[in-house]
Amino acid sequence: MFTLRDTVSSLAPARADDLGKTLYERFREEPDTLIVPVLDADERPIGLVERNAFFLRMAAEYGRALYALRPISVLMDHDPLVVEADVELAAFTSDSLSYRASDLLRGFIVTDKGRYLGVGTVLGLLQAANDTNRRGVEALAAAKADEERARTFMTAVVEAIPSMVFVKRADDHSYVLLNRAGEKILGHSRADMIGRTDADFYPEEQAAIYKQRDTEVAASGEVRVIEEDLVPRKDGSTALLRTKKIAIPGPDGAAEYILAVSEDIAERKRAEAQIARLAHYDPLTDLPNRLLFQKDLSAALSRAARREDLVAVHCIDLDRFKTVNDTLGHPVGDALLKTAAERLRACVREGDTVARLGGDEFAVVQCGLTDLGGATRLAGRIVEALAETFQLQGHQVMIGGSVGVAVSPNDGADSDELLKKADMALYRAKADGKGAFHFFERAMDEALQARRALELDLRLALAEGQFELHYQPLFNLDADKVMGCEALLRWPHPVRGMVSPAEFIPLAEEIGLINSLGEWVLREACREAAGWPEHVRLAVNLSPAQFRDKHLVTTVVSALAASGLAAQRLELEITESVLLQDTAGNMSILHDLKALGVRISMDDFGTGYSSLSYLRSFPFDKIKIDQTFVRDILDDADALAIIKAVLDLGASLGITTTAEGVESEAQLDELRRQGCGEIQGYFISRPKPAAEIAAMLGVTVQSGDKAPLITFSPGEKEGPATKSWEDEGVRSHPESRQGEKTRTA
């Protein structure tokens, strides 16, 4: 009596947490593996993965792009057909065909007392059934009912198999069996094919190939696999099949029949092609992705080295793409990327590579150059193409593009190095105003290395507490005394000396340190200001980047609570750019801050194109006239007119107005005549350390006709001023300092 133990194929199992990519590689490397069992830690079956279902699933879900790094537990059949090894073969197949026919076709797991023993397949059952028939021929002859049942069973199994099954005689190669799937695949009925040979259906040369294969299978007695076989159909089309063949011996041991199972692999091949394309092409623009770009660039560099040609790499960035995406939506942004890709394709020659590296970043590999002229012309064409208006879903969009170019071998012979240097050149092109191209220069690399060193120092400075605060007074002209001080950040580097905020603040914003740095400034300034006279307010600048921190309001509340400083004494200064970015969100934060009792000031008023509109949308407590107007107040009638208009506007709206950058007594007198209420600048005081400011605030201010001044130490007014988070004021002209007088404040 045959049992399932006789049909078992020993096969290495998988685990539920194995990744999809490992199973993919296993199926590719083991073409004879039809199913893979999945076991738990106790070697008990918990699932099964069938080859065809796995590959179809991969195709439908974009293959390895989705499943490569996910466990196969999401792919496996969680209710596989599991049977004990000692179950009788005939009873098992009969029951399975009646109740779990589809599971039988997928394959099944065989266990020995619950533990994994091996796997079984329909092909194994067919071979075992053949052995059963041969060995039991005498018993079956004595029991015709059993013979008929066996024949019915075999027919049912063969007909139910979704793959093509056919049998030929080993001697004359004529067909003796073809199942229903075979009729569907080939387009020929079994009635037409039974008793005939391949020569009756296929061209002479192809029929000879099939005959030769059958002869080799019969002679070897081993399973032969034809991985990809293009077989003509009756309608003239072609089927792509993977075929397994094995010889079935007769009573004398010689090959009597050739049994073959053919699997239609066209869908799987399409899936593999799709997966391969996804791995190398951007699905939105259909351009090569970064991976394929790197391969093409490496190949181009290798060819150029042999021919002594030049290769140029163009890094391209779409200017103002984020604005389009944010204002018009992602569908328009996607359409913009597609159209930009088409324009870039039109700019290059055949043989050059245009790729999308990600987001709005593109790149071009330009080959076969003999000088820099070709690279210059291509970069110019790209800039011109991207500067033209885009017509996108009813919108007219103008963005422009910036290009950075690096050329081998002068700028490097390695693909990574060349791409890095082209990116540096792109950064320079954008810094120079966008809508232009720039070639790599050695100084760019030096600047990048210096920037990296500064970044490391900046992180260390924050960790070690190297920063300190200086304060610049805000002088009230009506009260003739200091009514506030602005906190300004200073970095006395142990080696570099005093580092300008204009150098490290933008870097802190770029690398994400500005929130930590800004929180320290706020807490430290509130702590120190809590000891000042109660009439003296504290002004602290907020970077636009800090408004991206959803905890900004909480940070302000915490700083006030920890220091004991009254909210009414804190004044937060912002620039117009805060309101240009995420207007609704930032406006909400400003209202929350004002609800605390904190005063809000608009810094650098008059330099933005929409400053007036913001005065209508938010109740600012103060506006600060930018120092560029104050600097020219005595010589430029337009500057004076602007200042007068702003002062009148502030008075009508009930908003305090502060003039920045006051450097001379004459400037102060003119501002007083125009009705300015508060000034700030070097004429009053340069920024001072906390201890000096505290001492200064305890000095009595003298009143008089002349503008009140604060006593300066020798040489205090010498040297340049910086801006924002820095000093308020500009370098004074030597002649403007002649005859300056000082008073004790």
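Residues numbered from 1 in each chain as written. Predicted model: local features only at pLDDT ≥ 70, side-chain atom pairs only at ≥ 80, totals over all residues. Heavy atoms only, no water.

**Q** Hey, could you run me through the overall build of the protein in this one?
**A** When its secondary structure is counted, the protein shows 28 helices and 28 strands. The 745 residues of the protein split such that 49% are buried. (Helix = DSSP H or I, 4+ residues; strand = E, 2+ residues; numbered from the N terminus. Buried < 20%, exposed > 50% of the residue type's maximum accessible area, 1.4 Å probe, protein only.)

**Q** Teacher, can you tell me more about the pattern of salt bridges here?
**A** It is possible for side chains of opposite charge to pair when their charged atoms get near one another. Counting across every chain of the model gives 34 salt bridges. In this structure, K421 engages E417 in a salt bridge whose closest nitrogen and oxygen atoms are separated by 2.9 Å. In this pair, K421 and E417 are both assigned in helix α17 (residues 415–431), four residues apart and thus about one turn of the helix distant. Here K421 falls in the buried class, since its relative accessible area comes to 9%. Residues K644 and D648 are paired through a salt bridge, measuring 3.5 Å at the closest nitrogen-oxygen approach. Note that K644 and D648 are positioned in helix α26 (residues 637–653) at a spacing of four residues, about one turn of the helix. Since its relative accessible area comes to 39%, K644 is described here as partly exposed. What makes D648 partly exposed here is its relative accessible area of 42%. In the salt-bridge network here, residues are joined through shared partners; they are K168, D198, D214 and K245. (Salt bridge = Lys/Arg side-chain N within 4 Å of Asp/Glu carboxyl O.)

**Q** So what exactly am I meant to see when it comes to the pairing of strand β6 (residues 115–120) here?
**A** Successive side chains on a regular strand alternate, one facing one side of the sheet and the next facing the other. Note: strand β5 (residues 108–112) against β6, five bridges, orientation antiparallel. Bridging across to β6, I109 finds its partner in V119. Between the end of β5 and the start of β6, which pair antiparallel, lie two residues, with K113 showing a positive phi angle near 60°. (Pairing = 2+ DSSP bridges.)

**Q** I tried to follow the nonpolar core on my own but got confused; where do I start?
**A** Note that soluble globular proteins tend to have their nonpolar side chains buried in a common cluster. Core analysis: the largest hydrophobic core is formed by 78 residues, its most contacted members being Y471, L538, L570, L572 and I679. Here this core gets seven residues from one element, more than from any other, and that element is helix α20 (residues 514–529). If you look at the next biggest cluster of nonpolar residues, it comprises 35 residues, including V324, A340, A375 and L378. (Core = buried A, V, L, I, M, F, W, Y, C linked by side-chain atoms within 4.5 Å.)

**Q** Quick question: what am I supposed to make of the environment of A530 here?
**A** Mapping A530 onto the fold places it in the loop between α20 and β22 (537–541). Overall, A530 belongs to the partly exposed group, its relative accessible area being 32%. Residues A530 and A566, spaced 36 residues apart in sequence, show a C-alpha to C-alpha distance of 8.2 Å. In this structure A530 touches S563, L565 and R569, once residues within four positions along its chain are discounted. (Contact = heavy atoms within 4.5 Å.)

**Q** Is there a simple way to explain the side chain of K244 in this structure?
**A** Here K244 shows up in strand β10 (residues 238–249). With residues up to four places along the chain from it excluded, the contact list for K244 reads P31, D32, L34, L123, R224, V225, L259, A260 and V261.

**Q** How should I be thinking about the sheet that holds strand β1 (residues 14–15) in this particular structure?
**A** The strands making up a sheet associate through hydrogen bonds between their backbones, and the pairing can be parallel or antiparallel. If you trace the three strands from one edge of the open sheet to the other, you get β1-β2-β3, paired in mixed fashion. At either margin of the open sheet sits one strand with a lone partner, and together these are β1 and β3 (45–50). Pairing between strand β2 (residues 35–39) and β3: five bridges, direction antiparallel. When the bridges of β3 are listed, L39 appears paired with P45.

**Q** Whenever I open this one, the confidence of the model for the protein confuses me. Can you help?
**A** As a general rule, the predicted coordinates of low-pLDDT regions are not to be interpreted in detail. The pLDDT averaged across the protein works out to 83; a share of 85% of its residues lies at or above 70. Of all the helices and strands in the protein, helix α7 (residues 137–142) carries the lowest mean pLDDT, 50, while β22 carries the highest, 95. Taken together, the stretch residues 699–745 has pLDDT below 50 and engages in 133 contacts with residues farther than four places along the chain or on a different chain. (pLDDT = per-residue confidence, 0-100.)

**Q** Where do I start with the packing of aromatic side chains in this structure?
**A** Note on aromatic pairs: each is described by the distance of the centres and the angle between the planes. Tallying each qualifying case throughout the model produces eight aromatic pairs. Look at F618 and F620: their rings are 5.0 Å apart centre to centre, the planes differ by 70°, and that puts the pair in the edge-to-face class. Of the two residues, F618 and F620, neither departs from the other in class, the shared state being buried. Ring-pair connections join several aromatic residues into one group, and the members of that group are F467, W491 and F504. The positively charged end of R343 is found above the aromatic ring belonging to F390, 3.6 Å away from the centroid. Note that R686 overlies the ring of Y682, its terminal NZ or CZ placed 4.5 Å from the centroid. (Phe/Tyr/Trp six-rings, centres within 6.5 Å; stacked < 30°, edge-to-face > 60°. Lys NZ or Arg CZ within 6 Å of the ring centre and 35° of its normal.)

**Q** What is the right way to read unusual backbone geometry from this model?
**A** Excluding glycine, residues mostly have negative phi values, and the peptide bonds linking residues are mostly trans. Of the consecutive residues S408 and P409, the connecting peptide bond is found in the cis state with omega at 5°. With respect to the secondary-structure elements, P409 resides in the loop between β17 (401–408) and α17. Positive phi, normally seen in glycine, also occurs at R320, with a value near 60°. Tracing the backbone through its elements, the reader meets R320 in the loop between β12 (310–318) and α14 (321–328). At K434, a position not held by glycine, the phi torsion is positive, near 65°.

**Q** Please explain the environment of Y175 as it appears in this structure.
**A** Mapped onto the elements of the fold, Y175 is located in strand β8 (residues 175–178). By relative accessible area, which is 5% here, Y175 ends up buried. Put simply, Y175 and T197 are 22 residues apart on the chain and 6.2 Å apart in space, counted from C-alpha to C-alpha. For Y175, the contacting residues outside a window of four places in its chain are F166, V167, K168, M193, I194, G195, R196, T197 and D198. In terms of polar contacts, Y175 uses its side chain to reach the side chain of D198, at 2.5 Å. (Polar contact = N/O pair within 3.5 Å; in protein donor to acceptor, adjacent residues only side chain to side chain.)

**Q** Which parts of the structure should I look at to understand the pairing of β17?
**A** Within β17, eight of the eight residues are buried, which leaves the element mostly enclosed by the surrounding structure. The alternating pattern of β17 places G401, V403, V405 and V407 and S402, G404, A406 and S408 on opposite faces, both of which are buried. When β12 meets β17, the two strands line up antiparallel, connected through eight bridges. Residue I316 lies in a different strand from β17, and its bridge partner there is V403. Two strands pair when backbone bridges link them, and β17 and strand β18 (residues 437–439) are joined in this way by three bridges, in the parallel orientation. When the sheet's bridge partners are listed, G404 is paired in β18 with H438.

**Q** Looking at this model, I keep getting lost on the side chain of S402. Mind explaining?
**A** Positionally, S402 belongs in strand β17. Overall, S402 belongs to the buried group, its relative accessible area being 0%. Engagement of the side chain of S402 in a polar contact is seen with the side chain of D319, the distance being 2.9 Å. Setting aside chain neighbours within four positions, we find S402 in contact with C315, I316, D317, D319, L426, A429, K430, K434, G435 and A436.

**Q** Is there a simple way to explain a negative patch on the surface in this structure?
**A** On the surface, D171, D172, D252 and E256 cluster together to form a negatively charged patch. Mapping D172 onto the fold places it in the loop between β7 (164–169) and β8. (Patch = residues over 30% accessible without salt bridge, like charges linked within 9 Å, V, L, I, M, F, W, Y side chains within 5 Å. Areas by Shrake-Rupley, 256 points an atom, 1.4 Å probe, with all protein chains shown as cover. Lys, Arg positive; Asp, Glu negative; His and termini not counted. Charge placed at Lys NZ, Arg CZ, Asp CG, Glu CD.)

**Q** I'm lost on the sheet that holds β7 in this one. Help?
**A** Sheet architecture is open: five strands sit in the order β8-β7-β11-β10-β9, paired in antiparallel fashion. Of all strands in the sheet, those with a lone pairing partner are β8 and β9 (224–232), marking the two edges. On average, adjacent strands in this sheet sit at an angle of 25° to one another, irrespective of strand direction. Across nine bridges, β10 lies against strand β11 (residues 255–264) in antiparallel orientation. (Axes fitted to C-alpha atoms, helices over the stretch in contact; angles between N-to-C directions.)

**Q** So what exactly am I meant to see when it comes to the environment of G654 here?
**A** When you line up the elements, G654 lands in the loop between α26 and β26 (656–659). Judged by its relative accessible area of 65%, G654 is exposed. Linking G654 and K622, residues 32 residues apart in sequence, is a C-alpha distance of 9.0 Å.

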